Amino acid sequence: MQGTVLSYSRATGHGIIGGADNQRYTFQQGEWLSELAPAAGRRLDFVGINGVASQIYTIDPMGAEKSKLVASALAVFLGSLGLHKFYLGYSVTGFVMLLAFVLGFVFMGIPSLIVGAIGLIEGVLYLVKSDAEFETLYVRGKRRWF
């Protein structure tokens, strides 16, 4: 059955899933079989019996799961080109960074340095966030800057 994580507590390792059948199911961290940590709003597939979920896998129909390490590497090494923004699905923001980089050659390199610094800062911020925070803020939350 498919459903969505309604809530999850890292402290206790327990959570609640809203199933496609409009029922609620409890689960424990041990039943979570995906690489990404449980987080509210995450879509998933599971076996639900007597109000308890087991064999839980995340589902991603659009391929939206993004790697924190890939985004960080792109930001640190190619951040001035805005490639990490394109990777995360922020086309307009990526284009703005790319345009600022290209125009930087006309304006003595200052815009290029600024977007390069932004890319470096964002790369470090991506790395220090937990996987769940990264996905909540930048993949699902669509937070475009910092």
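In this report, the structure presented in the accompanying data block is examined. None of the values given here were measured: they were computed from a predicted structure. (Residues numbered from 1 in each chain as written. Predicted model: local features only at pLDDT ≥ 70, side-chain atom pairs only at ≥ 80, totals over all residues. Heavy atoms only, no water.)

## A short note on the overall build of the protein chain
Logical step 1: Check the secondary structure of the protein chain and you find five helices and five strands.
Logical step 2: When the helices and strands of the protein chain are read in sequence order from the N terminus, they spell out β-β-β-β-β-α-α-α-α-α.
Logical step 3: Taking 2.2 N^0.38 as the reference for a compact globule, 146 residues should give roughly 15 Å; the C-alpha atoms of the protein chain span a radius of gyration of 19 Å, well beyond that estimate.
Logical step 4: Considering the protein chain as a whole, with its 146 residues, one finds that 34% of them fall into the buried category.
Logical step 5: Taking the contacts inside the protein chain whose residues are at least 6 apart along the sequence as the reference set, 47% of them involve residues at least 24 apart.
Logical step 6: With an accessible surface of roughly 8300 Å², the protein chain has 64% of that area assigned to carbon and sulfur atoms.
Logical step 7: Distance between charge centres in the protein chain, computed from 12 positive and 10 negative side chains, equals 9 Å. (Helix = DSSP H or I, 4+ residues; strand = E, 2+ residues; numbered from the N terminus. Rg over C-alpha atoms; globule rule 2.2 N^0.38 Å. Buried < 20%, exposed > 50% of the residue type's maximum accessible area, 1.4 Å probe, protein only. Contact = heavy atoms within 4.5 Å. Areas by Shrake-Rupley, 256 points an atom, 1.4 Å probe, with all protein chains shown as cover. Lys, Arg positive; Asp, Glu negative; His and termini not counted. Charge placed at Lys NZ, Arg CZ, Asp CG, Glu CD.)

## Some points on the pattern of salt bridges
Logical step 1: All told, the structure shown has one salt bridge when counted by the stated rule.
Logical step 2: Glu122 serves as the salt-bridge partner of Lys85, at 2.8 Å between the closest nitrogen and oxygen. Placement of the pair is Lys85 in helix α2 (residues 83-88) and Glu122 in helix α4 (residues 110-128), with a sequence separation of 37 residues. Like Lys85, the residue Glu122 is buried in the burial classification. (Salt bridge = Lys/Arg side-chain N within 4 Å of Asp/Glu carboxyl O.)

## Remarks on unusual backbone geometry
Logical step 1: Phi angles above zero are rare outside glycine, and Asn22 is one such case at about 65°.
Logical step 2: Relative to the helices and strands, Asn22 resides in the loop between β2 (14-19) and β3 (24-28).
Logical step 3: Classification of Asn22 as exposed rests on a relative accessible area of 73%.
Logical step 4: Phi is positive for Gln55, which is not a glycine, with a value near 50°.
Logical step 5: The topology assignment puts Gln55 in strand β5 (residues 52-58).

## So, the packing of aromatic side chains
Logical step 1: Considering all chains together, one arrives at five aromatic pairs under this definition.
Logical step 2: Look at Phe101 and Phe105: their rings are 5.4 Å apart centre to centre, the planes differ by 80°, and that puts the pair in the edge-to-face class.
Logical step 3: Since its relative accessible area comes to 64%, Phe105 is described here as exposed.
Logical step 4: Clustering of aromatic rings is evident, with ring pairs tying together Tyr8, Phe27 and Trp32. (Phe/Tyr/Trp six-rings, centres within 6.5 Å; stacked < 30°, edge-to-face > 60°.)

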